[in-house]
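# Structural characterization, general
Each chain is listed here by its residues.
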Amino acid sequence: MSGVYLDYNASALVRPEVQDVMSRALADNGNPNAVHAAGRRARARVETARAQVADLVGADPTAVIFTSGGTESNAQALLSALGDGCERLIVCATEHPCVAEAATASGKPVKMLPVDREGVVDLMKLQQLLAGPGRAVVAIHHANNESGAIQPIAEAAKLVRAANGWLHVDAIQSAGKIPVSLQELGADSLTLSGHKLGGPQGVGALVLKDGREAVRMIHGAGQERGRRAGTENVPGIAGFGVAADCAARDLPLAGAHAAWRDAAAAVVKAGGAVVIAEGAPRLPNTLFMAVPDWDSPQQLITLDLMGIMVSAGSACSSGKTKPSRAILATGHAALATGGIRISGGWGTVEDDWSRFAAAWVGAYEKHRARQSTRAAPASTRETA
């Protein structure tokens, strides 16, 4: 890929090892539920991947349910908690929309769990919310997809456990970037997505704590031990497994991104940007920054024309910029439409971060100069 790709939190570049195993699976794609030789080879690929994904989060392979991706996995987790007897939901204010919207769609009462100005959940408020009537399922992502802020999941788990609740942890962004252990986090359910790890899009996993059961969302045959019907996506699952294996192998190297990220942050801050969640523990690969006077889509287009690929901290729909959930929740309303996220991954080098920072600062200087010219009285412009 030409240019500088710094959008790994949206979708990581597919690793060469993944491309190789998927090509081989596509060339020998038997149905994994068939008893003949091709079917047995396909089944072996699925079960190998199941073990690889389980190893990444310290779980037993039997706890892993393969799905179509993180969105489905999160929805199934919440429905499973409600099926277990939970009567209400407590959702982190900066949670991914697929969790927040699934909670609302459940028809059960939903309370938002606030975060502080660094994007970290308020544990005292969580304790208060858990004291309400009825069992609760609490959804807190391990790390925010925009800011990279890491949540105190183990501490939250103790509160949820004491209240006889169910803790669901979306670990889609954190897995492969920092250590993730189902047991150490204390989660009842945990979700993963293949394409965040350098695997293919369209495959994910729900991982359940021992003793927790999944509610089926898709009915039919008995695939995934009866917990999700439909013929398994063997090439995708095989790629997911290899991506998980590579992510576990490369985990000791992931921390190196923090120094590159921080050096770039210093440059853009000097150029006028505000770094969101700078005071919180963050994923080492993630920089979320904002300015009040340059909308996200304009920044993205400008950078893209300079060969730098990053994401908006907000979604753009019909030409209108929507405020970033993460920025609004942390109380920085004036910055909510000017956020961009820069995120590295397995193929990123230090120079990518340096090139981004220099490009952004130069572009922002030009943007402000244009704004200044437009704001000047006509007589001043004519004299100039």
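Everything here concerns the structure above.
## Remarks on the sheet that holds strand β9 (residues 274-275)
By definition, the strands of a sheet pair up through backbone hydrogen bonds, in either a parallel or an antiparallel sense. Ordered by their spatial adjacency, 4 strands build an open sheet running β9-β10-β15-β12, and the pairing between neighbours is antiparallel. Looking at the sheet topology across the chains shown, the edges are occupied by β9 and β12 (311-312). Relative to strand β10 (residues 286-290), β9 runs antiparallel, the two sharing 2 bridges. Note that in β10 the partner of V274 across the bridge is A290. Along the sheet, helix α9 (residues 256-270) makes contact with β9 and β10, crossing β10 at roughly 10°.

## Concerning helix α3 (residues 70-83)
In a regular helix each residue adds 1.5 Å, so 14 residues correspond to 20 Å; α3 covers 20 Å between its end C-alpha atoms and thus fits that length. The buried count for α3 comes to 11 of 14 residues, which makes it a mostly enclosed element. Of the positions making up α3, those classed as buried are G70, E72, S73, N74, A75, Q76, A77, L78, S80, A81 and L82. Remark: G85 follows α3 within two positions and exhibits a positive phi of approximately 115°.

## Overview of the packing of α9 against helix α12 (residues 350-375)
One way to put it is that α9 packs onto α12 with a least axis distance of 9 Å and a crossing angle of 15°. Considering the angle they form, α9 stands roughly parallel to α12. Considering how the two elements wind past one another, α9 and α12 form a crossing that is right-handed. Residues H257, W260, R261, A264, V267 and V268 of α9 lie in contact with α12, whose contacting residues are E350, W353, F356, A357, W360 and V361. Counted by class, the contact of α9 with α12 contains 9 nonpolar, 1 polar and 2 charged residues.

## Some remarks on the nonpolar core
Counting 52 residues, the largest nonpolar core has F66, I140, L190, L192 and V207 as its most contacted members. Ranked by residue count, the leading element in this core is helix α8 (residues 234-254), at 9 residues. The residues contacting I140, other than those within four sequence positions of it, are C92, E95, L113, V121, L126, Q151, I153, A156, L167, H168, V169 and D170. One finds V4, F356, A359 and W360 within the second-largest nonpolar core, a separate group that totals 24 residues.

## Some points on the packing of helix α2 (residues 37-56) against α8
Where α2 meets α8, the axes come as close as 8 Å, and the angle between the chain directions of the two elements is 30°. Note on packing geometry: the crossing formed by α2 with α8 is left-handed. From α2, A42, R45, V46, A49, Q52, V53 and L56 reach across to α8, where they touch V234, I237, A238, F240, G241, V242, A244, D245, A247 and A248. Residues that form the contact of α2 with α8 fall into these classes: 13 nonpolar, 2 polar and 2 charged.

## Structural notes on the pattern of salt bridges
A full pass over the atoms with the stated rule returns 18 salt bridges. In this structure, D28 engages R45 in a salt bridge whose closest nitrogen and oxygen atoms are separated by 3.5 Å. On the criterion of sequence distance, the pair formed by D28 in the loop between α1 (16-27) and α2 and R45 in helix α2 is long-range, its members being 17 residues apart. The closest approach of N and O atoms between D84 and R212, which form a salt bridge, is 3.0 Å. One end of the pair, D84, is in the loop between α3 and β3 (88-92); the other, R212, is in the loop between β8 (204-208) and α8, with 128 residues separating them in the sequence. A relative accessible area of 34% means that D84 is categorised as partly exposed. Here the salt bridges do not stand alone but share partners, grouping R43, E47, R50, E224 and E232 into one network.

## Regarding the packing of aromatic side chains
Within this structure, the stated rule accounts for 5 aromatic pairs. Ring geometry for Y5 against Y8: centres 5.5 Å apart, planes inclined by 70°, an arrangement best described as edge-to-face. Side by side, Y5 and Y8 carry an identical accessibility label, which is buried. Between the aromatic rings of W294 and W360, the centroid separation amounts to 6.3 Å while the plane-to-plane angle is 40°, which identifies the pairing as tilted. Of the two residues, W294 sits in the loop between β10 and α10 (296-305) while W360 sits in helix α12, which places them 66 residues apart along the sequence. Residue classification places W294 among the buried residues on the basis of a relative accessible area of 1%. An aromatic cluster of three or more residues is present, and its members are W294, W360 and Y364.

About the cut-offs
- Once a new chain begins, its residue numbering starts again from 1 and follows that chain's sequence as written.
- Residues qualify for local features only when their pLDDT is at least 70, as the model is predicted, and side-chain atom pairs are given and counted only at 80 or more; totals for whole chains, interfaces and linings, by contrast, use all residues.
- Side-chain numbers here rest on the full set of heavy atoms in the structure, without hydrogens or water.
- Between any two strands, at least two bridges found by DSSP are needed for them to pair.
- Secondary structure elements are taken from DSSP: a helix is a run of H or I of four residues or more, a strand is a run of E of two residues or more, and numbering for both begins at the N terminus.
- Should any heavy atoms of two residues lie within 4.5 Å, those residues are counted as being in contact.
- Interaxial angle, 0 to 180 degrees, is taken between N-to-C directions of lines fitted to C-alpha atoms, where a helix line uses only the stretch in contact.
- To estimate the expected span of a helix, subtract one from its residue number and multiply by 1.5 Å.
- Note on exposure labels: buried denotes an accessible area under 20% of the residue type's maximum, exposed denotes more than 50%, and partly exposed covers the range between, all computed with a 1.4 Å probe on protein chains only.
- Between 65 and 115 degrees an angle is taken as roughly perpendicular, under 35 as roughly parallel, over 145 as roughly antiparallel, and anywhere else as oblique.
- By convention the crossing between two helices is left-handed if the near helix lies anticlockwise of the far one by an angle smaller than a right angle, and right-handed if it lies clockwise.
- By the convention adopted, Pro, Cys, Tyr, Trp, Phe, Met, Ile, Leu, Val and Ala count as nonpolar, Lys, Arg, Asp and Glu as charged, and the other residues, Gly among them, as polar.
- Remark: nonpolar core denotes a set of buried residues (Ala, Val, Leu, Ile, Met, Phe, Trp, Tyr, Cys) joined through side-chain atoms within 4.5 Å.
- Here a salt bridge means any side-chain nitrogen of Lys or Arg lying within 4 Å of a carboxyl oxygen belonging to Asp or Glu.
- Working definition: a ring pair exists when centres of Phe, Tyr or Trp rings (six-membered ring for Trp) sit within 6.5 Å. Plane angles under 30 degrees give stacked, over 60 give edge-to-face, the rest tilted.

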